[in-house]
Amino acid sequence: MKSRSYDEKFYKKLGERLRSARKSLGLTQEDIARTLGRSRSYVALIERGETKIGLEELFSLAKLYGRSLDYFLDLEGDKFISESTFHFRAVKADGRVKKILVLFEELCRDYAYLETLLDVDKRGEFPEIPAPLLERFRNEPDRFADELTLTVREKWEFGMDPLINLRENLEIWGFKIFAIPHELSSAGAFLFSNDIGPCILINAANSPQRQLFTLAHEFGHFILHRDHMGISDPSNYVFGSRGRPLKKEKEANVFAAALLLPENAVRNAWRQCVNVGNLRRFHINMLAKMFGVTYSAFLYRALSLGLIKGWRYNRLKLPARDYSQIKIPEFKPLEDLPERYKALVLNAYLAGKITIGEAAQYLRVPLIDARKWIKSKIAGNNGGEFE
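For the structure given in this document, a descriptive report is provided here.

Criteria and cut-off values
- Residues numbered from 1 in each chain as written.
- Predicted model: local features only at pLDDT ≥ 70, side-chain atom pairs only at ≥ 80, totals over all residues.
- Heavy atoms only, no water.
- Helix = DSSP H or I, 4+ residues; strand = E, 2+ residues; numbered from the N terminus.
- Phe/Tyr/Trp six-rings, centres within 6.5 Å; stacked < 30°, edge-to-face > 60°.
- Buried < 20%, exposed > 50% of the residue type's maximum accessible area, 1.4 Å probe, protein only.
- Lys NZ or Arg CZ within 6 Å of the ring centre and 35° of its normal.
- Axes fitted to C-alpha atoms, helices over the stretch in contact; angles between N-to-C directions.
- Left-handed = near helix turned anticlockwise from the far one by under 90°.
- Contact = heavy atoms within 4.5 Å.
- Nonpolar A, V, L, I, M, F, W, Y, C, P; charged D, E, K, R; others polar.
- Disulfide = S-S within 2.5 Å.
- Arc of directions from axis to C-beta.
- Salt bridge = Lys/Arg side-chain N within 4 Å of Asp/Glu carboxyl O.
- Pairing = 2+ DSSP bridges.

Here we look at the environment of Ser 207
- Within the element layout of this structure, Ser 207 appears in the loop between strand S3 (197-203) and helix H10 (208-225).
- Residues Ser 207 and Thr 294 lie 87 residues apart in sequence; the distance between their C-alpha atoms is 8.5 Å.

Here it is in structure tokens:
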């Protein structure tokens, strides 16, 4: 018979996990109370571990949070990171968005756990940006954007070429970046904790150019806001701009535009390629491709730098697209998961750290597909460790 102290410890841990799952989706205790037909104080007692929750109610909450029962009942697992270490929260989400939120969070946890399992370097030390410069940017983003992003390029060793390879550059520094197709109204998300490190989600259903801007935008949140994300703020982890404070969204957008389109580089390219009197959409499209950004992003940057007037901007901008009829591609884990993540799964299996069944779970594929994939990798590698 288990002791009372065990029960207290169990329900306290269970309550912590229930609270973390609720807050990660931006739900309040009142929301949960209405779902269960209970009082808010009852939900508070459950989350503090001061009262027991029945299996039926736990099942209802697991379904609401988009989690398995194992997530709540396997309380001795090593992969759970306590809520207090996460600097993110989500807006209230519908079922489709909730599914992506949960998948993203679980993948980030799995990624960090695999790194720990194999004792690999997470590259957790990040270059410091002078606090006075960050403060100047927050006060006047448009004025100090280029000074800030040039400093970032230098300290993060990005160089001055177009940052078409931004994802690879960030992964060198330990960023965990997932490209998963989802609703086109949702561009990306950012998650950060000291235990897991910085994680970014980009929408693989978007064009490569829009994905690049989303990546730069979320990187901007890391540079600007990771130390200003209060645990009680329900807007620290969201898709697109819904729920995030407008000021932070503007700062991240201005940062992304300046990072991908440095003023001097844009002005030099403009002088070489554009005759303003004969400016056409063709010219904007050519310059956008040069920097790896969307047509609209480059056009707006030209406007903000005073290279074109407002009336010309309105004439050149593209009509709004109707995304409602666009089919969202299916998530294919063996194609869409990061190469390094898949290499960690493979190396963990080959080192005997995980079973083939666990490898399949990490890869989000059926067991038979995991076996085939591992065999093909081994056959193509002729031994040795995968990178």
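Description of the packing of aromatic side chains
- Inspection of every chain in the model, using the stated rule, returns 22 aromatic pairs.
- Ring plane angle 80° and centroid distance 5.1 Å describe the contact between Trp 156 and Phe 219, whose orientation is recorded as edge-to-face. Linking Trp 156 in the loop between helix H8 (141-155) and helix H9 (166-172) with Phe 219 in helix H10, this pair joins segments that are 63 residues apart in sequence. The burial state of Trp 156 is the same as that of Phe 219; both residues are buried.
- When the centroid spacing of 5.7 Å and the interplanar angle of 70° are considered together, the rings of Phe 192 and Phe 222 count as edge-to-face. Placement of Phe 192 in strand S2 (residues 188-193) and of Phe 222 in helix H10 is noted, with a sequence separation of 30 residues between them. Like Phe 222, Phe 192 is buried.
- The structure contains a cluster of three or more aromatic residues connected by ring pairs, namely Phe 126, Trp 156, Phe 158, Trp 173, Phe 175, Phe 190, Phe 192, Phe 219, Phe 222 and Phe 255.
- Over the ring of Tyr 42 we find Arg 38; its NZ or CZ atom is 4.0 Å from the centre of that ring.
- Sitting above the plane of the Tyr 111 ring, Lys 176 keeps its charged end 5.3 Å from the centroid.

Observations concerning the packing of helix H7 (residues 131-139) against H8
- At a minimum axis separation of 7 Å, H7 and H8 run at an interaxial angle of 150°. Every pair of crossing elements has a handedness; the one defined by H7 and H8 is left-handed. Between H7, through Leu 133, Leu 134, Arg 136, Phe 137, Arg 138 and Asn 139, and H8, the contact on the second element is made entirely by Pro 141, Phe 144, Ala 145, Glu 147, Leu 148 and Thr 151.
- Its residues assigned to classes, the contact of H7 with H8 shows 7 nonpolar, 2 polar and 3 charged.

Here's the deal with the state of the cysteines
- Counted under the stated rule, the structure contains 0 disulfides.
- Cys 199 carries a free sulfur, and the closest cysteine sulfur to it, the one in Cys 108, is 3.3 Å from it.

Here we look at helix H13 (residues 281-291)
- Among all positions in H13, only His 283, Ile 284, Leu 287, Ala 288 and Phe 291 are buried. Buried residues in H13, looked at end-on, bunch into an arc of 135°, giving them a common side. Relative to its buried face, H13 has exposed residues pointing more than 90 degrees away, namely Phe 282 and Lys 289.
- The inward-facing, buried residues of H13 contact H10, helix H11 (246-260), helix H12 (263-273), helix H14 (295-304) and helix H15 (310-316).

Describing the pattern of salt bridges
- Scanning the model with the defined rule gives 19 salt bridges in all.
- Note that Arg 34 and Asp 31 form a salt bridge whose closest N and O atoms lie 2.6 Å from each other. In this pair, Arg 34 and Asp 31 both sit in helix H2 (residues 29-36), 3 residues apart, roughly one turn of the helix.
- In this structure Arg 34 comes out as exposed when scored by relative accessible area, which is 60%.
- Using a relative accessible area of 12% as the deciding quantity, one classes Asp 31 as buried.
- The shortest N-O distance in the salt bridge between Arg 136 and Glu 147 comes to 2.9 Å. Of this pair, Arg 136 sits in helix H7 while Glu 147 sits in helix H8, and the two are 11 residues apart along the sequence.
- Taking relative accessible area as the criterion, Glu 147 reaches 36% and is therefore assigned partly exposed.

Some remarks on the sheet that holds strand S1 (residues 176-180)
- Taken in spatial order, the 3 strands of this open sheet run S1-S3-S2, and their pairing is mixed. Since the sheet does not close on itself, it has two edges, and those belong to S1 and S2, each with one partner. Ignoring which end each strand starts from, the neighbouring axes of this sheet average 15° apart.
- As judged from the 5 bridges shared by S1 and S3, these two strands associate in the parallel manner. Looking at the pairing, Ile 177 lines up with Ile 200 of S3.

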